[in-house]
Amino acid sequence: MNVEERIQELAGRIVELRDAYYQGSPVVADADYDAIEDELRSLIAANPELTPEPNPLDQVGAPTVLHAPIRHSRPMLSLEKSTKPEQVEAFFSRFPGQPVVVMPKLDGLSLALVYEDGRFARAITRGDGTTGDDVTPLVRALTDGVPHQIDAPGRVEVRGEAVMLRSTFVAYNAAHPDKPLINPRNAAAGTLRAKDPATVSERRLQFLAFDLQTDPDSTEADLERGLKTLGFTAADMKHCSDAASAQEVITGIEQQRNELDYDLDGAVLRLADRDAYAAAGTRSNSPRGALAFKFAAEEKTTILLEVRWDVGKTGKIAPVAWLEPVFVGGTTVTRATLANQEVIKARGIKIGDTVLVRRAGDVIPFVAGVLDASRRTGAEQDIVPPTHCPSCEEPLTEQGNSRELFCTYTGCPAQTVRRLIHWASRAAADIDAIGGVWIERLAESGDLENPSDFYSLTKERLLEFDRVGEVSATRMIDSIETSKQVGLRRALIGLAIPMASEGTAARLCRAGFPSLEAVMEAGEEGLVAVDDIGAKVASSLIEHLNRLQPELDRLRAAGVSLDVRDEDLPPVVAAGAPLAGKTVVVTGSISDPRTGEKVGRPAFQRLCERAGATIASSVSASTDYLITGADVGAAKITKAEKLEVEVVDQSEIWKQLLDAGVA
Ligand SMILES: NC(=O)c1ccc[n+]([C@@H]2O[C@H](COP(=O)([O-])OP(=O)(O)OC[C@H]3O[C@@H](n4cnc5c(N)ncnc54)[C@H](O)[C@@H]3O)[C@@H](O)[C@H]2O)c1
Ligand SMILES: [Zn+2]
């Protein structure tokens, strides 16, 4: 294929994909679509004479009108996209001296809200940028953050993004396991496509504003203040005066990405002054006064090659999707979870399908659903759950509403290995010198069956295995020895008791149980008395701890500590507590002035807690001190100063900690 043909092909594909997307049934993930646009963009840049007519890259959205067409007062455009810090610098140098706001690039649906003499008159979608769709009744009924009345004369137009909050999305899918929504962005678009708001009343949206036009010009020149004065919830905006601080905010948004209640796919830089933004003008399909910075994609499309059923540490048999390798969320993903057979059914997933894979933060990648079911060739196969355990071949049982499959044979080899690996994991005993492969080998040889067996391993025995030398055997034994300090909280996690989460283990420690045996002796009644421990969790704990009693005895006999550890208790506040009543935020790298050695932030925060402080993760108006270590970003300090939070160097705090005998 020559360049010209390739350009035609890409342009055609873009039109096709856009149609499907704006009609509410995308056939590929956004990142895969963006890659096609990128390829076309670079081919056109290299061969401008081959620019297709019309050029889909100059167009915005698609003309999808379901309700009633309305012409926009001025076009609703797309955004110029960047991925490199140099592009952020170039943006700043185009507008010297102009303040810029940096905000998340929200992943929802853009809307224009029109107010006439203070009254909410219309809500319009972007459509093809020139003409949008009238969604006023839906927005009125379903969208939070759209005031019905504002205090402004004449015509006011507020633009922003209607998003489905992640919490709404999760609650909806939990309540409708049979017809789940695929992702929040799709869900938001679908909501505004409904004929009747009543049919989608559980799918509430949130409007977050990022643009304001007033006529006559009656309000603040600063975008954020203008929006807030009128009573809108603005997208979270940070003012920046240079590229370096903007870059820092962008990085901060990316790091925070998974703690927020909405999806975002990048950050947006924009002139903070509304007049300057308007004066900057537009290109064919984007404003000059704004720039989008794209983050790595968290969703991609790929092919589901095969499903294998995995035996978990509690005997649960879970389907695992084997995928055509795909780069998503910063790594190459080849496997993803499929939850259970009900989810597979509800999402209509078959082997051979094009599926949407999502990987956000540290969360295990999962298959969100099928895209493009219309393109099935007929060669796809149903996913058939097994009837017998793939490891021990015992018949499986179904449990719970989602019909999860379980192998209930406790001697099941796969379960045994999983339990041992779990015991050795970092969250539990942390036997870091013995990896999964070795645990499997030691289980096969009969050396390991229960966690307590780790403590009978000897260096001599390990040396009998192939490829184990003096050095690695010593490391393994040392690591086992250290793990004896596991303590109540991590031992409880390591025993993998169904329904008892890491949170349960932490709560039991803080409730004052001195040891694992004491938890068992408290009985169900004693456990439900603990805050946030329900009857089901209590009964599972008691049942399993009783079953595990001989194992607990063996662990004790091997010298393993099952007693509560100091680090798992609420901090004991030192007498004189110099930081009593203070809320502090710690930033930068901390080191002990006595040794010059680095101290982890959690450890330093713990010292501050002992000195009476309450720890917060980010600076707000209620923060008393921002404690700074080395290499602190300017943005944090600026923010603290703006909020009149006292900035205190770590040396000052160390002095107080040492004086009070805390450190
Ligand atoms: N999966 C597919 O097949 C397919 C097809 C077509 C388009 N798409 C996706 O749709 C999007 C294309 O839309 P686009 O070309 O307008 O680009 P865009 O969505 O990347 O950028 C423009 C939009 O960003 C939004 N936005 C969010 N936060 C903002 C903020 N703080 N300030 C200003 N604007 C903000 C606005 O709604 C604006 O319309 C892309 O994400 C693309 O991947 C996907
Ligand atoms: Zn089994």
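Each residue is numbered by its place in its chain's sequence as written, counting from 1. Going through the entries in the order they are written, you letter the chains from A and number the ligands from 1. Totals for whole chains, interfaces and linings use all residues, but because this is a predicted model, local features are given only for residues with pLDDT of at least 70 and pairs of side-chain atoms are given and counted only at 80 or more. To get the side-chain values, all heavy atoms of the structure are used, and hydrogens and water are removed first.

A. Focus on the overall build of the protein. Where helices and strands are cited, they refer to DSSP runs of H or I of at least four residues and of E of at least two residues respectively, numbered from the N terminus. The number of helices and strands found in the protein is 21 helices and 25 strands. Along the first, second and third principal axes, the C-alpha atoms of the protein reach 80 × 70 × 50 Å. With a 1.4 Å probe rolled over the protein chains alone, any residue whose accessible area is under 20% of its type maximum counts as buried; one over 50% counts as exposed, and the rest are partly exposed. With 663 residues in all, the protein has 47% of them scored as buried. Put simply, 68% of the contacts in the protein that link residues at least 6 apart link residues at least 24 apart. Accessible areas in this description were obtained via Shrake-Rupley with a 1.4 Å probe; residue shielding takes into account the shown protein chains only. On the protein, roughly 31400 Å² of surface is accessible, and the fraction owed to carbon and sulfur atoms is 50%. Lys and Arg are tallied as positive, Asp and Glu as negative. Neither His nor the chain termini are counted. Lys charges are placed at NZ, Arg charges at CZ, Asp charges at CG and Glu charges at CD. For the protein, the separation between the mean place of its 73 positive charges and that of its 99 negative charges on side chains is 2 Å. It only takes one pair of heavy atoms within 4.5 Å for two residues to be counted as in contact.

B. Geometry of the coordination of the zinc ion (ligand 2). Around the zinc ion (ligand 2), the protein contributes the donor atoms Cys389 (SG), Cys392 (SG), Cys407 (SG) and Cys412 (SG), at 2.2 to 2.4 Å from the metal centre. Metal donors were taken as nitrogen, oxygen and sulfur atoms no farther than 2.8 Å from the ion, or 3.2 Å where the ion is Na, K or Ca. Water is excluded, so coordination may look unfinished. Only two sets of limits are used to name each site, 85 to 135 degrees for every angle of a tetrahedral four-donor site, and over 155 degrees for opposite donors with all other angles from 65 to 115 for a square planar four-donor or octahedral six-donor site, with any other site named irregular. Geometry at the zinc ion (ligand 2) is tetrahedral, judged from its four donor atoms and the angles of 97 to 116 degrees they form at the metal. Read N to C, the donor residues that coordinate the zinc ion (ligand 2) are spaced as C-x2-C-x14-C-x4-C. Taking the relative accessible area as the measure of exposure, Cys407 reaches 2% and is therefore buried. Classification of Cys412 as buried rests on a relative accessible area of 0%.

C. Structural detail: unusual backbone geometry. Going from Glu53 to Pro54, the amide bond is cis rather than trans, its omega being -10 degrees. You can see Pro54 is positioned in the loop between helix 2 (30-46) and strand 1 (69-71). Positive phi values are uncommon outside glycine, yet Asp117 reaches one of about 45 degrees. Along the chain, the position of Asp117 falls in the loop between strand 4 (109-116) and strand 5 (119-125). The phi angle at Asp532 is positive, at roughly 70 degrees, despite the residue not being glycine. Its place among the elements puts Asp532 in the loop between helix 17 (516-528) and helix 18 (535-557).

D. Layout of the site of ligand 1. Around ligand 1 sit 23 residues, and of these Asp34, Lys105, Ser110, Arg126 and Glu161 come closest. Polar contacts here mean pairs of N or O atoms no more than 3.5 Å apart (in protein, one a potential hydrogen donor and the other a potential acceptor; neighbouring residues in sequence count only if both atoms are side-chain atoms). Take Tyr21: an N or O atom from its side chain is 3.2 Å from an oxygen atom of ligand 1. Protein contacts shield 92% of the accessible area of ligand 1, which totals 820 Å² for the unbound molecule. Only helix 1 (3-22), helix 2, strand 3 (100-106) and strand 11 (264-271) provide two or more residues apiece to the shell around ligand 1. Put simply, Ala, Val, Leu, Ile, Met, Phe, Trp, Tyr, Cys and Pro go in the nonpolar bin, Asp, Glu, Lys and Arg in the charged bin, and everything else, Gly too, in the polar bin. Looking at the shell around ligand 1 residue by residue, the classes come out as 13 nonpolar, two polar and eight charged. Boundary definitions for the domains trace back to an automatic or database domain assignment. Here the shell around ligand 1 spans two domains, and each of domain 1 (3-58) and domain 2 (69-294) adds at least three residues to it. Near is defined per residue: the residue qualifies when any heavy atom it owns lies within 4 Å of the molecule or strand.

E. Fine view of the domain arrangement of the protein. As assigned here, the protein comprises domain 1 (3-58), domain 2 (69-294), domain 3 (299-406), domain 4 (413-566) and domain 5 (583-659). Averaged C-alpha coordinates put domain 1 and domain 3 at centres separated by 31 Å. On the side of domain 3, eight residues touch domain 1, which itself brings eight residues to the contact. With both sides pooled, the region where domain 1 packs onto domain 3 buries about 570 Å², and carbon together with sulfur makes up 50% of that total. Summed over both partners, the accessible area (1.4 Å probe) lost when two parts come together is defined as the buried area. Summed over the three residues of domain 1 that lose the most area to domain 3, namely Val27, Ala29 and Asp32, the buried surface amounts to 58% of that side. By convention in these notes, a salt bridge is any Lys or Arg side-chain nitrogen within 4 Å of a carboxyl oxygen on Asp or Glu. Counting across the interface, domain 1 meets domain 3 through zero salt bridges. The interface formed by domain 1 and domain 3 includes two residue pairs in polar contact (both at pLDDT 80 or more). For the side of domain 1 that touches domain 3, the elements supplying multiple residues, two or more each, are helix 1 and helix 2. A class-by-class count of the residues in the side of domain 1 that touches domain 3 yields five nonpolar, no polar and three charged.

F. Representation of the UniProt feature "binding site: Zn(2+)" (unreviewed entry) in the protein in the model. UniProt positions are given in the numbering used here, feature names are shortened, and annotations may be inferred rather than shown by experiment. Sequence positions flagged by UniProt for "binding site: Zn(2+)" (unreviewed entry) are, in local numbering, Cys389, Cys392 and Cys412. Spanning 24 residues, the annotated positions come together in the fold, the maximum distance between their C-alpha atoms being 8.6 Å. Inspection of the secondary structure puts Cys389 in the loop between strand 17 (366-371) and strand 18 (397-399). By relative accessible area, which is 1% here, Cys389 ends up buried. Residues in contact with Cys389, not counting those within four places in the same chain, are Val311, Ile317, Glu394, Leu396, Cys407 and Cys412.

G. Local environment of helix 17. Bend, at a single residue, is the angle you get between axes fitted to the 7 residues ending at that residue and the 7 residues starting at it. Of all the bends in helix 17, the largest measures some 95 degrees and sits at Ala522. Those residues of helix 17 not exposed but buried are Leu516, Glu517, Ala518, Val519, Met520, Gly523 and Leu527. Each element contacted by the buried residues of helix 17 is listed here: helix 15 (487-494), helix 16 (502-510) and helix 18.

H. Representation of the side chain of Asp133. In this fold, Asp133 is placed in strand 6 (residues 131-133). Here Asp133 occupies a buried position and makes no salt bridge, while the nearest side chain of opposite charge, Arg193, is found at 7.4 Å. Within the local environment of Asp133, its side chain forms a polar contact with the backbone nitrogen of His67, the two atoms lying 2.9 Å apart. In contact with Asp133, not counting residues within four places along its chain, are Thr64, Val65, Leu66, His67, Ala68, Ala123, Ile124 and Thr125.

I. Spatial organisation of the packing of aromatic side chains. Classification of ring pairs rests on two measures: the distance between centres of Phe, Tyr or Trp rings, Trp counted by its six-membered ring, which must be within 6.5 Å, and the angle between planes, read as stacked under 30 degrees, edge-to-face over 60 and tilted in between. Scanning the model with the defined rule gives eight aromatic pairs in all. When the centroid spacing of 4.8 Å and the interplanar angle of 85 degrees are considered together, the rings of Tyr21 and Tyr22 count as edge-to-face. A centroid spacing of 6.4 Å and a plane angle of 65 degrees characterise the contact between Phe293 and Phe295, whose relative ring orientation is edge-to-face. For the pair Phe293 and Phe295, a shared accessibility class is recorded, and that class is buried.

J. Broad picture of the sheet that holds strand 2 (residues 81-82). In this analysis, strands are considered paired if DSSP registers two or more bridges between them. Read from one edge of the open sheet, five strands run 2-12-11-3-10, paired in mixed fashion. In this open sheet, the two strands that pair with only one neighbour each are strand 2 and strand 10 (238-240). One ladder, built from five bridges, connects strand 11 with strand 12 (residues 290-294); its direction is antiparallel. Bridged to Leu269 within strand 12 is Leu291. To obtain each axis, a line is fitted to C-alpha atoms, and for helices this fit is confined to the stretch in contact; angles are then taken between N-to-C directions over 0 to 180 degrees. This element, helix 3 (residues 85-94), spans strand 2, strand 3, strand 10, strand 11 and strand 12 of the sheet and lies at about 170 degrees to strand 12.

K. Region of interest: the environment of Phe604. Its location among the elements puts Phe604 in helix 19 (residues 601-610). Between the C-alpha atom of Phe604 and that of Ala198, which follows or precedes it by 406 residues, the distance is 52 Å. Setting aside chain neighbours within four positions, we find Phe604 in contact with Val586, Ile590, Val599, Ile627, Ile653, Trp654 and Leu657.

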